[in-house]
Amino acid sequence: MASSGSDEPPATETETEIPGAECSIYEEVIWLDKTEQNQRLAVEELIKTEASYVHTIQLCVSDIRAHLQQKQLPDLDLEGLFSNIDDVLHISRRFLKRLEATVSHTEQLNQISALFQEFKEKMESVYKVYCASYEQALLLVESYRKDPRLQQEILDTLNTMVPHTGASDLSFFLVMPVQRVTKYALLLQKILENTSPSDGAYPALQSATNAMLEVSANINEYKRRKEVAFKYNKAEQLTLRERLARLNTHSIAKKTTRLSRLFMHEAGIVPKTQDKEYDDLEEKFQCLASGVTMLKENMGSYLNNLAVFLISKPHECELEIEEGAVQQYRCLAGNLHLTIFPEFRRRLNRVVYQPLCSLTDALKGPQQLIKKRLDKLLDYEEIQERKSETGSVTYDEEAAMNTYLAINALLMSELPRFNQVALQLLGQILNSLVALQRELAKKVLEETTRELAQLPHSHLPLPTFWKMVEDTLRQSGTQLHAFCQKFETVMPSPLVQSLSPAEERRVLSLVSKHSPDKLYQVISNISGSKDLDLTLQRGQIVALLHGMDTKGNTNRWLVDAGGPRGYVPAGKLQPYHLDQSQKPRMQTLAPDDRAERRRHSYTFPEAPRPPVPIVTPASQVVAGFSFAARSPQEVSLQAGQPVAVLEPHDKKGSKDWSLVEVNGQRGYVPSSYLVMVPPWEPLGWSLPAWSPPTQQT
């Protein structure tokens, strides 16, 4: 037995360790198979969910939104609901196409990682706009739920176009882009967890995961900035009562602190925070805003002047000339006033003025943010100074600092793009204005050329034509001069009107301060619409201080109204001269210096009243100036209008007012506004007779 036992070979050390080694290898193979399987499933989940997401967004755009557009519901804000979902769909389609192409690639994980890195900035720029407007879209959906008619229309669309989804509201589709952009990092994280750190694709997957986490963080920060901007823009829409209700001790103290710090900035006591990049952006924006505002005001005045011009209708005036060039002129003026000019004004309003109004409204948001940034900057500097002294800040102070940083970052990122887009839009508006003006000139030239071709002298030699023009103008000028001389003999000068004692004292004060040649009279009521503008009544006397405003505009004069000083339109003033009958009265009204110092009271002597003409039925009385009735006992007059004087005084016997009858209406008018004219004699106005010269053979 011993020999038999010795015949068996001894077991080696290697042979005794084989069962344990086989077990370890088996477990490692099982773990690798499970990891690779989970990794493959995670990749498949990424691709399949992306395909399902793109399909759902496609349904939202091509079916749901298109069906709602066809209904043309005026109360449904489709742009506010779907925002830039077209951009989301476009970028998602491209991403899915590239993602599906990685399936057959040997380095699929590296390709997926590179793909996310490539689309990182594009996804962030598109999704941050959608996510920032998502809250407003939800508010719209909530408001539509309260409107049974709109809610029923939306439900009908969902049941008709996408019944298989079982969606009962638009929010089911609107939330998908928000969920998808945040899920990319989770899907990459799942792939990364099932990838061995020793794998060559692990660093690339890790970078892609961090990139998508950064995208989500940037989108959240952008959304927070937009919420801050919306908050302060919304505050400007409060009424005065609501603003006063918000005043309290804290708000007053905060505004006082800001104002004191601003004064210290201007006085140089504390240094200002320098930010050259932002200052350049704000300067460009303010220059752009000033140009847009000025252009809008000018275009508004231009349209108003066009409207006044079209009221004139010279083609309807009776010139008492039956033949010749007048008929061609009336035909030309009629075509211009009835077709060409009205169409030009409509297009100018639609293509130029309305876009300018929209652009002006778009400027209000950045202007409000710029103003709030200055307020928050003053708070930020104050808190920073306090922090450097104490070493800590409160929670509210930290929130105020973050608010400033958010507004500043939002302006730095959005203001350059806004300036660029606004400048492009302004350029398009100006190009449209130039094109309209050129088209107008072309149409007027064509119309004028066609009418001129029908005139008898259209084919005359140029020297002969100009000789005819000179003769015609010379003869017409002689007739006009004779007419003016005759008119001046029957009408009083409009430069001098009767003044009340109070107005005469004001004129005396102006004369004592300024020379008499500086006096002007207001010919129509003036309502001030700008800063430093005066509101004056017709007939009021003012003294000219400067013939232009601070911008060099000669149509806006600086005047002294006997107390207040300000600007008035130059076209509503005419020189005022004292006549001989007024000068003695003005001297009588001059106060004595010693009496004024003693404050003695005295009575002004009764001033001579202008004589009121006692007319007979054969006499003719007309209104020398226009007069607007201010009470039922008065009657309105137009300059040159014939009137019948019933009584040359009022019920108290005062000759300042006369009872007249105009167009069947009776009432009182100022006696100084009535003048007597001789009987009308026709002036014999006519164009000179002219016949074309005979051609010499």
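Below you will find a few notes about this structure. Given the structure is predicted, the values throughout are model-derived calculations rather than measurements.

## Let's talk about the overall build of the protein
Scanning the protein from terminus to terminus reveals 19 helices and 10 strands. In the protein, buried positions account for 34% of the 697 residues. Put simply, 68% of the contacts in the protein that link residues at least 6 apart link residues at least 24 apart. Of the roughly 43400 Å² that the protein leaves accessible, carbon and sulfur atoms contribute 55%.

## Here's the deal with the packing of aromatic side chains
Across all of its chains, the model carries 14 aromatic pairs by this definition. Pairing phenylalanine 95 with tyrosine 184 gives two aromatic rings, centres 5.7 Å apart and planes at 65°, and the pair type is edge-to-face. In this pair, phenylalanine 95 is assigned in helix H5 (residues 85-100) and tyrosine 184 in helix H9 (residues 176-193), connecting sequence segments 89 residues apart. Just as phenylalanine 95 is buried, tyrosine 184 falls in that class too. Taken together, Phe95, Phe116, Phe119 and Tyr184 form an aromatic cluster joined through their ring pairs. Note that lysine 128 overlies the ring of tyrosine 222, its terminal NZ or CZ placed 4.8 Å from the centroid.

## Brief notes about empty space enclosed by the protein
Per the stated rule, a full pass over the model turns up one cavity of 30 Å³ or more. In this model, the largest cavity occupies a volume close to 70 Å³. What lines the largest cavity is simply Ile340, Glu343, Phe344, Arg347, Leu436, Glu439, Leu440 and Lys443. When contributions to the lining of the largest cavity are tallied by element, the ones reaching two or more residues are helix H14 (325-390) and helix H15 (395-452). Of the residues in the lining of the largest cavity, the class split is four nonpolar, no polar and four charged.

## Focus on H5
The end-to-end C-alpha distance of H5 is 22 Å, a good match for the 22 Å that 16 residues give at a rise of 1.5 Å each. Burial in H5 covers these residues: Ile85, Val88, Leu89, Ile91, Ser92, Phe95, Leu96 and Leu99.

## Things to note about a nonpolar patch on the surface
A contiguous nonpolar surface patch, about 280 Å² in accessible area, is contributed by Leu244, Leu247 and Ile252. Tracing the backbone shows isoleucine 252 in helix H12 (residues 249-267).

## Some details on the pairing of strand E2 (residues 541-546)
Looking at chain direction, strand E1 (residues 519-522) and E2 are connected through three bridges and run antiparallel. Bridge assignment links leucine 519 to a residue of E2, and that residue is alanine 543. For E2 and strand E3 (residues 556-560), the ladder comprises three bridges, and the chain directions are antiparallel. Bridging across to E3, leucine 544 finds its partner in valine 559.

## Digging into unusual backbone geometry
When glycine is set aside, most residues are seen to have a negative phi, and most peptide bonds are trans. The residue glutamine 72 is not glycine, and still its phi comes out positive at about 55°. Even without being a glycine, serine 83 presents a positive backbone phi close to 50°. When you line up the elements, serine 83 lands in the loop between helix H4 (78-82) and H5.

## Considerations on the packing of helix H13 (residues 276-312) against H15
Contact pair H13 / H15: the axes reach a minimum separation of 10 Å and the direction vectors enclose 30°. Judged on the interaxial angle alone, H15 and H13 are roughly parallel. At the point where H13 passes H15, the crossing takes the left-handed sense.

## Some thoughts on the nonpolar core
Within the largest apolar cluster, 61 residues are counted, with the highest numbers of intra-cluster contacts made by Phe82, Phe116, Tyr127, Leu170, Leu174 and Tyr184. Secondary structure elements with two or more residues in this core: helix H3 (18-71), H4, H5, helix H6 (108-145), helix H7 (148-161), helix H8 (171-174), H9 and helix H10 (202-235). Looking at this core, the element that brings in the most residues is H6, giving 14 residues. In contact with leucine 174, other than residues within four places in its own chain, are Leu81, Phe82, Tyr130, Tyr134, Ala137 and Val141. By size, the runner-up hydrophobic cluster in this structure holds 39 residues, among which are Leu281, Leu356, Leu410 and Leu440.

## Let's talk about the environment of valine 622
With respect to the helices, strands and loops of the structure, valine 622 is situated in strand E6 (residues 620-623). The exposure class assigned to valine 622 is buried, which follows from its relative accessible area of 6%. Spatially, the C-alpha atom of valine 622 lies 5.3 Å from that of glutamine 641, the residues being 19 residues apart in sequence.

## Section: the sheet that holds strand E5 (residues 573-575)
With antiparallel pairing, the five strands of this open sheet are ordered in space as E4-E3-E2-E1-E5. Two strands bound the open sheet, and with one partner strand each, they are strand E4 (565-569) and E5. Geometrically, the sheet is characterised by an average inter-axis angle of 50° between neighbouring strands, direction not taken into account. Where helix H17 (residues 501-513) meets the sheet, its contacts fall on E1, E2 and E3, and the angle it forms with E2 comes to roughly 25°.

## A closer look at the pattern of salt bridges
Inspection of every chain in the model, using the stated rule, returns 29 salt bridges. Across the pair glutamate 439 and lysine 443 runs a salt bridge whose closest N-O atoms are separated by 3.4 Å. Separated by four residues within a single helix, glutamate 439 and lysine 443 lie in helix H15, roughly one turn from each other. Judged by its relative accessible area of 28%, glutamate 439 falls in the partly exposed class. For lysine 443, a relative accessible area of 33% puts it in the partly exposed group. Between arginine 474 and aspartate 471 there is a salt bridge; the shortest N-O distance is 3.1 Å. In this pair, arginine 474 and aspartate 471 are both assigned in helix H16 (residues 462-490), three residues apart and thus about one turn of the helix distant. Judged by relative accessible area, arginine 474 falls into the exposed class, the value being 52%.

Reading the values: rules and limits
- Residues numbered from 1 in each chain as written.
- Predicted model: local features only at pLDDT ≥ 70, side-chain atom pairs only at ≥ 80, totals over all residues.
- Heavy atoms only, no water.
- Helix = DSSP H or I, 4+ residues; strand = E, 2+ residues; numbered from the N terminus.
- Buried < 20%, exposed > 50% of the residue type's maximum accessible area, 1.4 Å probe, protein only.
- Contact = heavy atoms within 4.5 Å.
- Areas by Shrake-Rupley, 256 points an atom, 1.4 Å probe, with all protein chains shown as cover.
- Phe/Tyr/Trp six-rings, centres within 6.5 Å; stacked < 30°, edge-to-face > 60°.
- Lys NZ or Arg CZ within 6 Å of the ring centre and 35° of its normal.
- 1 Å grid on protein atoms, 1.4 Å probe; cavity = no way out; pocket = protein on both sides within 12 Å on 5 of 7 lines; lining within 4 Å.
- Points joined across faces, edges and corners; volume = space filled by probe spheres on them.
- Nonpolar A, V, L, I, M, F, W, Y, C, P; charged D, E, K, R; others polar.
- Expected span 1.5 Å × (residues − 1).
- Patch = residues over 30% accessible without salt bridge, like charges linked within 9 Å, V, L, I, M, F, W, Y side chains within 5 Å.
- Salt bridge = Lys/Arg side-chain N within 4 Å of Asp/Glu carboxyl O.
- Pairing = 2+ DSSP bridges.
- Axes fitted to C-alpha atoms, helices over the stretch in contact; angles between N-to-C directions.
- Parallel < 35°, antiparallel > 145°, perpendicular 65-115°, else oblique.
- Left-handed = near helix turned anticlockwise from the far one by under 90°.
- Core = buried A, V, L, I, M, F, W, Y, C linked by side-chain atoms within 4.5 Å.

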